[in-house]
Amino acid sequence: MPRAGAVKTRAHNDEETAMAKLSLHPAIDDGLKRASKTFKGGTLTCKCTHDPVVVHIGSQVLHNHACGCSKCWKPEGAIFSVVGVVPRDTVKVAAHGEKLHIVDDKALIQRHACKVCGTHMFGRIENKDHAFYGLDFIHPELSADKGWAPPGFAAFVSSVIETGMPPVKLPLIRKKLKAAGLEPYDCLSPALMDVLATHAAKAKGTYRAE
């Protein structure tokens, strides 16, 4: 009969192997890159090899995070997307905007994607009453520029089940996210949930500053 310590070590090694096989996202699996304190934006380019869509972003990305929802664009094989927000007025389509279309015009976030390669270039909220109105969602990985803020947390983690992930793998996924330095949430981060709740309180007239 194998010793308890040997069994425990084998189980640990099996878990480490299983975690290594999970591809959360290249920007996470390859180690989080540091943000540049002087970074002021860059250029996003779609995946087309001919006449790619180009979008200029004149700001550092905010609230960058891993997202497990089924609507965000992600690279093939990745479990999560990596997405953050920038001020809407800093987003400028620089080339081949004629290739862009809105993926789902009924969705809260109007995701503008390339009709040829399918890459989501930016997502825009048109509802002026929403707390996030004025912010556009982008995928910094589409930029070759260095200095973007890395993901800081993981949102809608349980939603990966809706994309076909077996529920039994969620504990391991959460463990790998934490090991990468990303706290896993099944909604948005507490700071962003506070923003939403504050906006709702102001709309209801129940907001108290102190």
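Anything mentioned here points back to the structure above.
Values in this document were obtained by computation on a predicted structure and should not be read as measured data. (Residues numbered from 1 in each chain as written. Predicted model: local features only at pLDDT ≥ 70, side-chain atom pairs only at ≥ 80, totals over all residues. Heavy atoms only, no water.)

1. As for the overall build of the protein chain
Okay, step 1: From N to C terminus, the protein chain includes four helices and eleven strands.
Okay, step 2: C-alpha atoms of the protein chain, sized along the principal axes, occupy 65 × 55 × 35 Å.
Okay, step 3: A burial count over the protein chain gives 40% of its 210 residues as buried.
Okay, step 4: Within the structure as shown, the protein chain displays about 12,000 Å² of accessible surface, and the carbon and sulfur contribution to it stands at 55%.
Okay, step 5: In the protein chain, which carries 28 positive and 21 negative side-chain charges, the distance between the mean positions of the two groups comes to 4 Å. (Helix = DSSP H or I, 4+ residues; strand = E, 2+ residues; numbered from the N terminus. Buried < 20%, exposed > 50% of the residue type's maximum accessible area, 1.4 Å probe, protein only. Areas by Shrake-Rupley, 256 points an atom, 1.4 Å probe, with all protein chains shown as cover. Lys, Arg positive; Asp, Glu negative; His and termini not counted. Charge placed at Lys NZ, Arg CZ, Asp CG, Glu CD.)

2. Concerning the sheet that holds strand β5 (residues 91-95)
Okay, step 1: Strand order in the open sheet made by the three strands is β1-β2-β5, with antiparallel pairing throughout. Either end of the sheet is taken by a strand with one partner, and the two such strands are β1 (42-45) and β5. Ignoring which end each strand starts from, the neighbouring axes of this sheet average 30° apart.
Okay, step 2: Where β1 meets strand β2 (residues 54-57), four bridges bridge the pair, whose relative direction is antiparallel. Opposite T45, over in β2, you have V54 as the bridge partner. (Pairing = 2+ DSSP bridges. Axes fitted to C-alpha atoms, helices over the stretch in contact; angles between N-to-C directions.)

3. Some points on the nonpolar core
Okay, step 1: Counting 19 residues, the largest nonpolar core has L44, V55, I57, M121 and I138 as its most contacted members.
Okay, step 2: Every element with two or more residues in this core is listed here: β2 and β8 (120-125).
Okay, step 3: Once you skip the residues sitting within four places of it in the chain, I138 turns out to touch L44, I57, V61, V82, V83, G84, V86, M121, F122 and W148.
Okay, step 4: Residues V157, V160, I173 and L182 belong to the second largest nonpolar core, which totals 17 residues. (Core = buried A, V, L, I, M, F, W, Y, C linked by side-chain atoms within 4.5 Å. Contact = heavy atoms within 4.5 Å.)

4. Describing the packing of aromatic side chains
Pairs of aromatic rings are described using the distance from one ring centre to the other and the angle between the two planes.
Okay, step 1: Under the definition given, this model contains two aromatic pairs.
Okay, step 2: Sitting above the plane of the Y207 ring, K202 keeps its charged end 5.0 Å from the centroid. (Phe/Tyr/Trp six-rings, centres within 6.5 Å; stacked < 30°, edge-to-face > 60°. Lys NZ or Arg CZ within 6 Å of the ring centre and 35° of its normal.)

5. Structural notes on the sheet that holds β8
Okay, step 1: If you trace the eight strands from one edge of the open sheet to the other, you get β6-β7-β8-β9-β4-β3-β10-β11, paired in mixed fashion. This sheet does not close on itself; its edge strands, each paired only once, are β6 (100-102) and β11 (183-184).
Okay, step 2: Pairing analysis gives five bridges linking strand β7 (residues 109-114) to β8, with the strands arranged antiparallel. Following the sheet pairing, I109 is matched in β8 by I125.

6. Remarks on the pattern of salt bridges
Okay, step 1: Scanning all chains against the criterion turns up six salt bridges.
Okay, step 2: Note that R88 and E126 form a salt bridge whose closest N and O atoms lie 3.2 Å from each other. Taken as a pair, R88 in the loop between β4 (81-87) and β5 and E126 in the loop between β8 and β9 (135-138) lie far apart in primary sequence, 38 residues in all.
Okay, step 3: For the salt bridge of K106 with D105, the shortest nitrogen-to-oxygen distance reads 3.3 Å. (Salt bridge = Lys/Arg side-chain N within 4 Å of Asp/Glu carboxyl O.)

7. Notes on helix α4 (residues 190-204)
Okay, step 1: Between the first and last C-alpha of α4 there are 21 Å, a value that for 15 residues agrees with the 21 Å anticipated at 1.5 Å per step.
Okay, step 2: At the C-terminal side of α4, G205 shows a positive phi close to 80°. (Expected span 1.5 Å × (residues − 1).)

8. Some remarks on the environment of V55
Okay, step 1: Structurally, the position occupied by V55 is in strand β2.
Okay, step 2: Look at V55 and you get buried, because its relative accessible area is 0%.
Okay, step 3: Separated by 41 residues in the primary sequence, V55 and H96 have C-alpha atoms spaced 9.2 Å apart.
Okay, step 4: Aside from chain neighbours lying at most four places away, what touches V55 is G42, T43, L44, V91, K92, V93, A94, M121 and F122.

9. With respect to helix α3 (residues 170-179)
Okay, step 1: Inspection of α3 places L170, L172, I173, K176 and L177 among the buried residues, and these make up the whole buried set. Mapping the buried residues of α3 onto a view down its axis gives an arc of 160°, with all of them on the same face. Pointing more than 90 degrees away from the buried face of α3 are the exposed residues P171 and A179.
Okay, step 2: In the stretch just after α3, G181 is the one whose phi turns positive, near 95°. (Arc of directions from axis to C-beta.)

Note that all results are geometric; they support no functional claim without further evidence.
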